[in-house]
Amino acid sequence: MKAAVYEAHGGTEQIRYGDFPDPVCGSGDAILKVRAAALNGFDPMMLMKTTGLKTPLPMVPAGDAAGEIVALGSAVDANQWPLGTPATIYPMVPGEGMTGETRIGACSEYVRIPATNLVRIPDGLGFEDAASLPIAYGTALRMMRVRGKIRTGEKVLIWGATGGVGVACVQLAKAAGAEVIACGSAAWKLERLRRLGADAVIDTSQENVRDAVWQRFGKPSTRGGGGVDVVVNYIGGDTWVESLKLLGPGGRMVTCGASAGYATGNDVRYIWSFELTIIGSNGWSMDDQAQVMRMARDREIEPVIHAIRPLAETGAAMQELIDRTVFGKVVLVP
Ligand SMILES: NC(=O)c1ccc[n+]([C@@H]2O[C@H](COP(=O)([O-])OP(=O)(O)OC[C@H]3O[C@@H](n4cnc5c(N)ncnc54)[C@H](OP(=O)(O)O)[C@@H]3O)[C@@H](O)[C@H]2O)c1
């Protein structure tokens, strides 16, 4: 089959598009003919080896895939999963790890997945939309609803609101009735955020986020008032301590990652004085994945797709993610 593959870590010049061995269907597996795959922020991190995770090489990127079942292992119930069924993959596989990180990813014509990791695509949802949803929207659903418990009227500031998880957080926080302050690094992205429903936007390439928040909502005071109620922060790096200073009394910070670095530093004075809560959020459930697909089918959320590119352009698509010139999701089609 054809696939996008890297055999060494480094920049996107390491990604070649060409022949790769067909996946072998184990007894509990299904083979999906990939109709669309999607990249995520972790794909360039794995390529460049900027996380502590070890990637076996060669590696095919992408943990998101939507397609049709074309083969089943002998132990899989063919009545439950008839050939031709449209499905997405739930990319975290027990014993194998994350698809595109420790197990072969989906930037390919076919992908192997245990049948227990298949999530049916509801009628009326296209492959490109379906592929864009699991990781970004599943993660955002858990962050906003399950862990962050965003409530109507809360002020929610989202760093990196322009990325895959970010746009999904904007959409879900708005759907929960929150007032959304969305951060992005370019004017064109801020315009897109406004159109997506953000109540306020902050250009991180031009403005100091703390100044902008204090000006708009007041400086947080331990006696009450000022700042925002929730900060969504998967950027880490220099934004971490800065975020503590944006939260009013009882504020919450929700995190699922650290694109700009894990060694963030800390200032515990803000945590005790303002009785802040730091909330971790990791992954999502298969039910969450089915739910975001139903929400998209029912037009409760609209997946934001920056571009749909042929699989052969995986390297160029990955470069756009690295250059931060993407708004929403990048989808690749064989
Ligand atoms: N734990 C989990 O289950 C889980 C699941 C999915 C994702 N994540 C994590 O969540 C984060 C976002 O993922 P994603 O797929 O949404 O990524 P993405 O599409 O690349 O979006 C990340 C956004 O962050 C902003 N950003 C600010 N500083 C950055 C920096 N130093 N490097 C890169 N981007 C920076 C960029 O927006 P601007 O240029 O506009 O600022 C970019 O649009 C990643 O850290 C990822 O590992 C975790």
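In case you missed it, the structure is sitting above this.
Now for a look at the structure at hand. Here the structure is a predicted model, which is why all the values come from computation and not from measurement.

1. Things to note about the overall build of the chain
In terms of helices and strands, the chain carries ten helices and 17 strands. Taking 2.2 N^0.38 as the reference for a compact globule, 334 residues should give roughly 20 Å; the C-alpha atoms of the chain span a radius of gyration of 20 Å, in line with that estimate. Projected onto the principal axes, the alpha-carbon positions of the chain cover approximately 65 × 40 × 35 Å. Taken over 334 residues, the chain has a buried fraction of 53%. Of the roughly 13,800 Å² that the chain leaves accessible, carbon and sulfur atoms contribute 49%. Side chains of the chain give 33 positive and 35 negative charges; the mean places of these two sets differ by 5 Å.

2. Focus on the site of the ligand
Contacts to the ligand come from 24 residues, most closely from G41, T162, V165, S185 and G283. Here S259 contributes a side-chain N or O atom positioned 2.9 Å from an oxygen atom of the ligand. Interatomic distance of 2.9 Å between a side-chain N/O atom of N282 and a nitrogen atom of the ligand. When the ligand is considered free in solution it has 910 Å² of accessible area, and contact with the protein chains removes 84% of it. Of all the secondary structure elements, the ones that give two or more residues to the shell around the ligand are α3 (134-147) and α4 (164-175). In terms of residue class, the shell around the ligand is built from nine nonpolar, 13 polar and two charged.

3. Considerations on helix α10 (residues 314-322)
Within α10, the full set of buried residues consists of T314, G315, A317, M318 and E320. Each element contacted by the buried residues of α10 is listed here: β1 (2-6), β2 (15-19), β3 (29-39), α1 (42-48), β16 (305-310) and β17 (329-333).

4. Topic: the pattern of salt bridges
Throughout the structure, instances matching the rule amount to 16 salt bridges. Linking K174 and D199 is a salt bridge whose minimum nitrogen-to-oxygen distance equals 2.9 Å. Of this pair, K174 sits in helix α4 while D199 sits in the loop between α5 (187-196) and β12 (200-203), and the two are 25 residues apart along the sequence. Where R195 meets E191, a salt bridge forms, and the shortest distance between an N and an O atom there is 3.8 Å. One end of the pair is R195 and the other is E191, both in helix α5 and four residues apart, which spans about a single turn. Residue classification places E191 among the partly exposed residues on the basis of a relative accessible area of 36%. Residues joined by salt bridges that share partners form a network here, namely D29, E96, R103 and R112.

5. Considering the state of the cysteines
In total, this model carries zero disulfides according to the counting rule given. Just so you know, C169 is unpaired, no disulfide at all, and the nearest cysteine sulfur is the one on C256, 7.0 Å from it.

6. What about the side chain of N233?
Here N233 is to be found in the loop between β13 (228-232) and α7 (239-244). There is a polar contact of 2.9 Å between the side chain of N233 and the backbone nitrogen of G236. Sequence-distant contacts of N233, defined by excluding residues within four places in its chain, comprise W159, T239, W240, S243, M253, V254, T255, C256 and G257.

7. Examining helix α9 (residues 286-297)
Compared with an ideal rise of 1.5 Å per residue, which puts twelve residues at 16 Å, α9 spans 17 Å between its outermost C-alpha atoms and is within 8% of the ideal. Three or more residues of α9 are buried, namely D288, Q289, V292, M293, M295 and A296. Viewed end-on, α9 has its buried residues packed into an arc of 160°, placing them on one side of the element. Taken together, the buried residues of α9 touch β5 (86-89), β9 (118-120), α2 (127-132), α3 and α4. Immediately downstream of α9, the backbone of R299 shows phi near 65°, a positive value.

Rules of the game
Residues numbered from 1 in each chain as written. Predicted model: local features only at pLDDT ≥ 70, side-chain atom pairs only at ≥ 80, totals over all residues. Heavy atoms only, no water. Helix = DSSP H or I, 4+ residues; strand = E, 2+ residues; numbered from the N terminus. Rg over C-alpha atoms; globule rule 2.2 N^0.38 Å. Buried < 20%, exposed > 50% of the residue type's maximum accessible area, 1.4 Å probe, protein only. Areas by Shrake-Rupley, 256 points an atom, 1.4 Å probe, with all protein chains shown as cover. Lys, Arg positive; Asp, Glu negative; His and termini not counted. Charge placed at Lys NZ, Arg CZ, Asp CG, Glu CD. Near = heavy atom within 4 Å. Polar contact = N/O pair within 3.5 Å; in protein donor to acceptor, adjacent residues only side chain to side chain. Nonpolar A, V, L, I, M, F, W, Y, C, P; charged D, E, K, R; others polar. Contact = heavy atoms within 4.5 Å. Salt bridge = Lys/Arg side-chain N within 4 Å of Asp/Glu carboxyl O. Disulfide = S-S within 2.5 Å. Expected span 1.5 Å × (residues − 1). Arc of directions from axis to C-beta.

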